[in-house]
Amino acid sequence: MAAASSSDSEGDRAESSEASSKWLDAHYDPMANIHTFSACLVLADLHGDGEYKLAVGDLGPSGRQPCLKVLKGPTVLAESALPALPAAAAAFLMGQHEPRTPALALASGPCVYVYKNLRPYFKFSLPQLPPNPLEQDLWNQAKEDQIDHLTLKEMLEGIREKAEVPLSVQSLRFLQLELSEMEAFVNQHKSKPIKRQAVITTMTTLKKNMADEDAMSCLVLGTENKELLVLDPEAFTILAKDAVTSLCFGRYGREDNTLIVTTRGGGLIIKILKRTAVFAEGAGEVGPPPAQAMKLNVPRKTRLYVDQTLREREAGTAMHRTFQTDLYLLRLRAARAYVRALESSLNPVSATAREPLKLHAVVQGLGPTFKLTLHLQNTSTARPILGLLVCFLYNEVLYALPRAFFKVPLLVPGLNYPLETFVESLSDKGISDIIKVGHPLVLLGKDNETECGQGPQVAARSGWVSTQWRPPSLPVPFDTALVACH
């Protein structure tokens, strides 16, 4: 009983501690296998969807290769191997084009690896540094067999202890070898040039032109040889290079707040703090901002607003019924108009799926001769239309066409095919009539007269496409009703 009561009390204390904590335990995984430090962690909206991901430069302990990991919640979205240990990670915008998704930069050794959409995009390498002249001379002597590997070892150890310029990686690796391995190493590397490469130790971002949150940023690199490099975010060229050796702040001349900077190359930089500069404390008061306590100047409710509110409250049901009635009437009128268009063949698109055609006409000219252009389009997704014949049915007393019957070429889906002909108005009294265009269906009348149908009802049953158009600027009224079927 005592053990049970003790466990209950411990559980109650844990629950009370969790309730009083300011943090919520969202996820805990002691076996996540992530080994890194603060400089290699970055949170960024890498896909531009408003959901931030976690980018990690994993050190890869226990003999594993270092890698870049991108996590969404507890899940690893992407993983890319790195040739060296990561030093820092940063997210930055490279340009102003849409979509505004940031790129991910990871510093590793002498290189910066830039990823766009979680894919390798660019690799920037630091420029090589000039080698130590004494070290270069020693390796030249070893190349000419003027000194042996033991002498080379003693001379390089003396340079490493006293020289200001560090040794190259080749010399440092040579000094770490055992005596039995040094001679073979010298014979293998004595003909190779001496290279000294800087290493990136830290990295951050700096706004390029504007201080906005979504403005372009430059990468700022700190190297092992005490240099600061500012990279252009688009061309990845070095915009500025500086090595600061000393700083001093105080009164200089008649100015109280002056910053003195000296560089390794012997440069002198003097910056004077503006007298109008205002510095705000970084740690503000806990709680809502002061602006939240200010009362808004809300205008008073007018008499008209109050009356309208009371009316809507009392007659809300009747107003809703009136709205529904008007909506049903609008739908009914639209359906009736659609039926009338189908029955009178005034629809420019085929009403049946058997003949997916779209047809409209353009009339050009001031008369009495007009140019009539028919635009045919196959609206199907994959089926072409072949063997379509077009004929014109018109009043020969009012109009004359040089060609009233011709064959339409193959209609490829999605393309627009213009068919042109000329129409001459024969009436000088301003009388107009309808010209029908369609595919010949049957032979009617005397003398085997070719007809395009028997009226609007036949056109509707056969799936004809028709439209009607009247040019507003013509001196002679001219209507066209265009019909097509197959």
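Just so you know, these numbers come straight off a predicted model, no measurement behind them.

Right, let's get into the overall build of the protein chain. A count of helices and strands for the protein chain gives eight helices and 26 strands. Buried positions account for 33% of the 486 residues belonging to the protein chain. In the protein chain, the share of contacts with a sequence separation of at least 24, taken over all contacts with a separation of at least 6, comes to 48%. In the form shown here, the protein chain has an accessible surface area of approximately 32200 Å², with 56% of it arising from carbon and sulfur atoms.

What follows is about the packing of aromatic side chains. Inspection of every chain in the model, using the stated rule, returns three aromatic pairs. Relative to Phe174, the ring of Trp139 lies with its centre 6.0 Å away and its plane at 70°, an arrangement referred to as edge-to-face. Placement of Trp139 in helix 2 (residues 133-143) and of Phe174 in helix 4 (residues 169-175) is noted, with a sequence separation of 35 residues between them. Residues Trp139 and Phe174 agree in their burial class; the two are buried. Chaining the aromatic ring pairs together yields one cluster made of Trp139, Phe174 and Phe185.

Pairing is antiparallel in the open sheet, where four strands are placed in the order 9-10-11-12. Either end of the sheet is taken by a strand with one partner, and the two such strands are strand 9 (200-207) and strand 12 (238-242). The sheet shows a mean angle of 20° between the axes of neighbouring strands, direction not considered. Taken together, the four bridges between strand 11 (residues 228-231) and strand 12 define a ladder with antiparallel strand orientation.

Where helix 3 (residues 149-162) meets helix 5 (residues 179-189), the closest approach of the two axes is 9 Å, and the angle between their N-to-C directions is 100°. Taken together, the axes of helix 3 and helix 5 are roughly perpendicular relative to one another. Between helix 3 and helix 5, the contacting residues are His149, Leu150, Leu152 and Lys153 on the first element and Leu179, Met182, Glu183 and Val186 on the second. Across the contact of helix 3 with helix 5, the residue classes tally to five nonpolar, one polar and two charged.

All right, on to the pattern of salt bridges then. For the structure shown, the criterion picks out nine salt bridges. Across the pair Lys371 and Glu420 runs a salt bridge whose closest N-O atoms are separated by 3.5 Å. Residue Lys371 is found in strand 17 (residues 369-378), and its partner Glu420 is found in strand 21 (residues 416-425); the two are separated by 49 residues along the sequence. Take Glu420: its relative accessible area is 52%, and that puts it in the exposed class.

Moving on, we come to the nonpolar core. Leu372, Leu374, Phe392, Tyr399, Val408 and Leu411 are the most contacted members of the largest nonpolar core, which has 24 residues in total. Secondary-structure elements contributing two or more residues to this core are strand 16 (357-364), strand 17, strand 18 (389-393) and strand 21. Grouped together as the second largest cluster of nonpolar side chains are 20 residues, Ala90, Ala103, Ala107 and Ile200 included.

This part takes up the pairing of strand 7 (residues 111-116). Among the six residues in strand 7, six count as buried, and that is most of the element. What you see with strand 7 is no split at all: Cys111, Tyr113 and Tyr115 on one side and Val112, Val114 and Lys116 on the other are buried throughout. Where strand 6 (residues 103-108) and strand 7 come together, five bridges link them in antiparallel fashion. Across the sheet, residue Ala105 finds its bridge partner in strand 7, namely Val114. Hairpin connection of strand 6 to strand 7: two residues between the antiparallel strands, including Gly109 at a positive phi of 65°. Two strands pair when backbone bridges link them, and strand 7 and strand 8 (residues 119-125) are joined in this way by six bridges, in the antiparallel orientation. Its bridge partner lying in strand 8, Tyr115 is registered against Pro120. Turn length for the strand 7-strand 8 hairpin, with the two strands adjacent in sequence and antiparallel, is two residues, and the turn residue Asn117 shows positive phi of about 55°.

Our focus in this paragraph is the side chain of Ser217. Turning to its location among the elements, Ser217 is positioned in strand 10 (residues 217-223). For Ser217, a relative accessible area of 5% translates into the label buried. Excluding anything up to four places from it in sequence, Ser217 contacts Phe92, Leu93, Thr205, Leu206, Lys207, Lys208 and Pro233.

A cluster of nonpolar side chains, contributed by Tyr252, Leu268, Ile270 and Ile272, occupies part of the molecular surface with about 420 Å² of accessible area. Residue contributions to the nonpolar patch peak at three residues, all from strand 15 (residues 268-272). Along the chain, Ile270 falls in strand 15. On the accessibility criterion, Ile270 (39% relative accessible area) is partly exposed.

Those residues of helix 5 not exposed but buried are Met182, Phe185, Val186 and His189. End-on view of helix 5: buried residues confined to an arc of 100°, all on one side of the axis. Exposed residues pointing more than 90 degrees away from the buried face of helix 5 are listed as Ser180, Ala184 and Gln188. Residues of helix 5 that are buried make contact with helix 2, helix 3 and helix 4.

Cut-offs used in this document
- Residues numbered from 1 in each chain as written.
- Predicted model: local features only at pLDDT ≥ 70, side-chain atom pairs only at ≥ 80, totals over all residues.
- Heavy atoms only, no water.
- Helix = DSSP H or I, 4+ residues; strand = E, 2+ residues; numbered from the N terminus.
- Buried < 20%, exposed > 50% of the residue type's maximum accessible area, 1.4 Å probe, protein only.
- Contact = heavy atoms within 4.5 Å.
- Areas by Shrake-Rupley, 256 points an atom, 1.4 Å probe, with all protein chains shown as cover.
- Phe/Tyr/Trp six-rings, centres within 6.5 Å; stacked < 30°, edge-to-face > 60°.
- Pairing = 2+ DSSP bridges.
- Axes fitted to C-alpha atoms, helices over the stretch in contact; angles between N-to-C directions.
- Parallel < 35°, antiparallel > 145°, perpendicular 65-115°, else oblique.
- Nonpolar A, V, L, I, M, F, W, Y, C, P; charged D, E, K, R; others polar.
- Salt bridge = Lys/Arg side-chain N within 4 Å of Asp/Glu carboxyl O.
- Core = buried A, V, L, I, M, F, W, Y, C linked by side-chain atoms within 4.5 Å.
- Patch = residues over 30% accessible without salt bridge, like charges linked within 9 Å, V, L, I, M, F, W, Y side chains within 5 Å.
- Arc of directions from axis to C-beta.

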